[in-house]
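# Commentary on secondary and tertiary structure
This is what each chain is made of:
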Amino acid sequence: MLRRIEARIVNDQIGQSIPEPTYATDGSAAMDLRACIEAPVTLQPASRALIKTGLAINMMDPGLVAIVASRSGLSLKHGIRVAQGIGVIDADYHGEISVILANDSSQPYDVQPGERIAQLMFQPVIQVALAFVDEFSTQTERGMGGFGSTGKS
């Protein structure tokens, strides 16, 4: 099902020298975000940079969140990823989407104007009310076992 989300171009390069965000294929779960910058930005090894996308959105629904995720090829081939793991864009944020990119490689990387730098995915949100208790009402086999407690395979 296709859902309409209002989008606003905040930099005139979008739709001119830089394509609008699109899904790469009919089966894509996320659309590509591009670097909306005037000139290349060099990411030195072990550094981060805030890269603007020229796009703002209005989800109009607190039951939605937009997720900014890394592009797998950029990460595998060049060590470039979304710095905080994923970016969360709340439904009430209407400013320009920017992406914090990190360089995990040992080589500098030049982010080019219009380059696909991240993916934008929309997901449903469930807000909860925490009910604080002294003990949980049910027990599990795993209990408080974490980090490797269920075995290697």
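Bear in mind the structure is a predicted one, so any value in this text is a computation, not a measurement.

Read across the open sheet, the four strands follow the order 1-4-8-6; overall the sheet is antiparallel. Only two strands of the sheet have a single neighbouring strand rather than two, namely strand 1 (6-9) and strand 6 (80-82). Looking at each pair of strands side by side, their axes are set apart by 40 degrees on average, direction ignored. In terms of strand pairing, strand 4 (residues 48-58) meets strand 8 (residues 96-103) through six bridges, oriented antiparallel. Looking at strand 8, one finds that A49 is bridged to L101.

Structurally, V82 is set in strand 6. Of the residues examined, V82 reaches a relative accessible area of 2% and is grouped as buried. Placed 34 residues apart in sequence, V82 and R48 show a C-alpha to C-alpha distance of 9.2 Å. Apart from the residues lying within four places of it in its own chain, the contact partners of V82 are V68, A69, S70, G87, V99, I100, L101 and A118.

Turning our eyes to something else, we now look at the side chain of N103. Considering the arrangement of structural elements, one finds N103 in strand 8. Take N103: its relative accessible area is 2%, and that puts it in the buried class. Reaching out from N103, the side chain makes a polar contact with the backbone oxygen of L43 at a distance of 2.9 Å. Among the polar contacts listed, one links the side chain of N103 to the backbone oxygen of Q107, at a separation of 2.8 Å. Sequence-distant contacts of N103, that is, excluding residues within four places in its chain, are made with L43, Q44, P45, A46, S47, H78, G79, I80, P108 and Y109.

Calculation notes
Residues numbered from 1 in each chain as written. Predicted model: local features only at pLDDT ≥ 70, side-chain atom pairs only at ≥ 80, totals over all residues. Heavy atoms only, no water. Pairing = 2+ DSSP bridges. Helix = DSSP H or I, 4+ residues; strand = E, 2+ residues; numbered from the N terminus. Axes fitted to C-alpha atoms, helices over the stretch in contact; angles between N-to-C directions. Buried < 20%, exposed > 50% of the residue type's maximum accessible area, 1.4 Å probe, protein only. Contact = heavy atoms within 4.5 Å. Polar contact = N/O pair within 3.5 Å; in protein donor to acceptor, adjacent residues only side chain to side chain.

Nothing here speaks to function; it is geometry throughout.
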